[in-house]
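# A closer look at the structure
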Amino acid sequence: MMSDDYAKAIPVPGPESVPFWEGAKNHRLMIQNCNTCGHHWFPPSTVCTGCGSRDIEWVASSGKGKVFSFVVFHRLYHKGWEGEVPYVVGIIELEEGARMLSNVIDIPVGDVICDMSVEVVFEDATDELTLPKFKPV
Amino acid sequence: MIEPSTHLRDKYALVGAGHSRLGKVPGVSAQGLLEEAMLNALVDAGLTTQEVDGLICRGPDEIYTFHQVMGERLGIDASFSTTLTNGGASQVMGVALAAMAIDAGMASCVLVGYGRDNWSRVHANKENHMRGSGRPQQMYGMEFGPEFGYYGAIAAHGFGAQRHMHDYGTTREQFGEISLAFRKYALNNPDAVMKKPLTMEDYLAGRMIVEPFGLFDCSLQTDGAGAVVVTSTERAKDLRQKPVLVKGFGTGNNISGWFNDDNMTHTGAIQAGKTAYAMAGVSPSDIDYAQIYDCFTYMVLVQLEDYGFCQKGEGGAFVASGALDLNGVMPTNTSGGQLSEAHVEGMLQVVEGVRQLQGIYGPERQVPNAEIGLVSGHGGNTVCESTLILGTA
Ligand SMILES: [Zn+2]
């Protein structure tokens, strides 16, 4: 799909998050890892959020994790979601420890619960944008 | 580990409080509403703008150096002035900062206030109305949110509510008890926006917005402003009102993020409260009433736990016990709060906290024998908390 036909919000990456979005395009879920203490985190920064080290790198997550918490949108806040309410927005805790916000999909809305196991699926939204989403294992 | 300065205890006082018209106030800017509230607060204190040398305020967050805009409109030069940007925690923090500024010799009489024209903004155009926000989207993140359909403070707080329900078995009916309790107070407050009684049936029938929150879990969209005047307790003796002393204050900011650790179920109120209690030399059992920042029902419940009015995880049972009523163990949000009076981001909580100790109300609203109260502010993308403990002289 061309971006012009895509009705939902298109993310505007900050300079530090380009590797995440490039990774998603290649269907890899990129997070940051600290070479000093082994901590993984998200969203991106230029220092380790665990120990403050600058010796950090981007690594691919296994994409497996669990739903730390979630909400169900019943009200429409953006016209791009017309016809898709109710939908689930979750905070996913990856097995490496980093947490990220995404949609929980491929499950009836009422069946989502905290701590359920999920894994990443890559949704190619446009030619330029791929969104990592999560479905039950 | 920090040690709050107990020498500040009782040294500074709130000597006047005021608010503007509340609710739908079309045709008046946030600045205009704040002027209204500030002048009302000065009149309450028996002071004029000429005696003010400190200005701490907040308005719509996209207005650059808001205190300068207000100073120009009020004709005030200030030895100390600033705009705060801790969201809903700013207003309580403004009072704390005023006391600190006076203590440091930077000012002697400080006006603290907040004004918003949120109802007018949300209803100004379709885009704002759909997003339910008067703020430009650019003020929120442009990635890791909107592309997943994640909008608004309601969802952020909803994550916390959901996790609390999961960890402690908290129920929607228990959230509802909070809405019902505050609505009862609003019915005794002629300035409150909400005028009709609310039953549990009404609460449960309210349309779902962002689950687990329905319509009656959400604070109101309102125009309005509030303000207070802070000066030394020494100077307060010559002023019009019975002074309300700042016994203690504290702040706690889980700015590593709401999604981090267990921050969404163990909030900044834990640190902020601990600090405020230590400065004031009191404990939770000494508090006669609480004015708690209530953007959403869940935030009341979790703050009541975090301030030590009940154990962690027992907030649901606590609010369902009638604790929040005027004759309960912790009368809370006695003006109706942001859920039923008006949402002025915690500033009306400060105003009500002061008025309870001025003792101006009749028996339908006055907390009997109130001597010490706690006021909370919460916001700044859900992780900033400020606490004020007020007392009679
Ligand atoms: Zn590290």
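Here the structure is a predicted model, which means the values were calculated and not measured.

## Overview of the overall build of chain A
Check the secondary structure of chain A and you find one helix and eight strands. Moving toward the C terminus, one meets the helices and strands of chain A in the order α-β-β-β-β-β-β-β-β. On C-alpha atoms alone, chain A measures out to a radius of gyration of 16 Å, which is about the 14 Å that the 2.2 N^0.38 rule sets for 137 residues. By the burial criterion, 47% of the 137 residues in chain A qualify as buried. Across chain A, contacts joining residues at least 24 apart in sequence account for 50% of those joining residues at least 6 apart. Summing over all exposed atoms, chain A offers an accessible surface of approximately 6400 Å²; the carbon and sulfur share of this is 49%. Of the side chains in chain A, 11 bear a positive and 19 a negative charge, and the two mean positions are spaced by 4 Å.

## Comments concerning the pairing of strand E5 (residues 208-211) of chain B
For strand E4 (residues 64-73) of chain A and E5 of chain B, the ladder comprises two bridges, and the chain directions are antiparallel. Bridge pairing in E5 of chain B places Phe73 of chain A opposite Val210 of chain B. Linking two consecutive strands that pair antiparallel, namely E5 of chain B and strand E6 (residues 213-214) of chain B, is a turn of one residue.

## What to know about the nonpolar core
Residues Phe73 of chain A together with Ile287, Phe309, Leu324 and Ile389 of chain B are the most contacted members of the largest nonpolar core, which totals 92 residues. Aside from chain neighbours lying at most four places away, what touches Leu324 of chain B is Ile178, Ala181, Phe182, Tyr185, Leu304, Phe318, Val319, Met330, Pro331 and Thr332 of chain B. In terms of nonpolar packing, the next biggest core, distinct from the first, is built from 39 residues, Ala107, Val112, Val351 and Val375 of chain B among them.

## Focus on the interface of chain B and chain A
Interfaces are often sized by the amount of accessible area the parts lose when they come together. Listed as interface residues are 30 residues of chain B and, on the opposing side, 39 residues of chain A. Interface area lost by chain B to chain A is led by Met130, Phe144 and Phe148 of chain B, which between them contribute 25%. Our count for the chain B to chain A interface comes out at one salt bridge. Our count for the contact surface shared by chain B and chain A stands at 19 residue pairs in polar contact (both at pLDDT 80 or more). When contributions to the side of chain B that touches chain A are tallied by element, the ones reaching two or more residues are helix H5 (126-131), helix H6 (152-168) and E5 of chain B. If one sorts the elements of the side of chain B that touches chain A by residue count, H6 of chain B sits on top with seven residues. Class assignment of the residues belonging to the side of chain B that touches chain A gives a composition of 16 nonpolar, eight polar and six charged.

## Describing helix H2 (residues 66-74) of chain B
Because each turn of an α-helix spans 3.6 residues, side chains separated by three or four positions in sequence point in the same direction. All names here are of chain B. Of the positions making up H2, those classed as buried are Phe66, His67, Val69, Met70, Gly71 and Leu74. Buried residues in H2 make contact with helix H1 (30-45), strand E2 (54-58) and strand E3 (80-83). Downstream of H2 by a residue or two, Gly75 has a phi angle that is positive, lying close to 70 degrees.

## Quick look at the confidence of the model for chain B
On average, residues of chain B score 97 in pLDDT, and 100% of them are at 70 or above. Note on the complex model: pTM 0.97, ipTM 0.98.

Conventions we followed
Residues numbered from 1 in each chain as written. Chains lettered and ligands numbered in written order. Predicted model: local features only at pLDDT ≥ 70, side-chain atom pairs only at ≥ 80, totals over all residues. Heavy atoms only, no water. Helix = DSSP H or I, 4+ residues; strand = E, 2+ residues; numbered from the N terminus. Rg over C-alpha atoms; globule rule 2.2 N^0.38 Å. Buried < 20%, exposed > 50% of the residue type's maximum accessible area, 1.4 Å probe, protein only. Contact = heavy atoms within 4.5 Å. Areas by Shrake-Rupley, 256 points an atom, 1.4 Å probe, with all protein chains shown as cover. Lys, Arg positive; Asp, Glu negative; His and termini not counted. Charge placed at Lys NZ, Arg CZ, Asp CG, Glu CD. Pairing = 2+ DSSP bridges. Core = buried A, V, L, I, M, F, W, Y, C linked by side-chain atoms within 4.5 Å. Buried area = accessible area lost by both parts, 1.4 Å probe. Salt bridge = Lys/Arg side-chain N within 4 Å of Asp/Glu carboxyl O. Polar contact = N/O pair within 3.5 Å; in protein donor to acceptor, adjacent residues only side chain to side chain. Nonpolar A, V, L, I, M, F, W, Y, C, P; charged D, E, K, R; others polar. pLDDT = per-residue confidence, 0-100.

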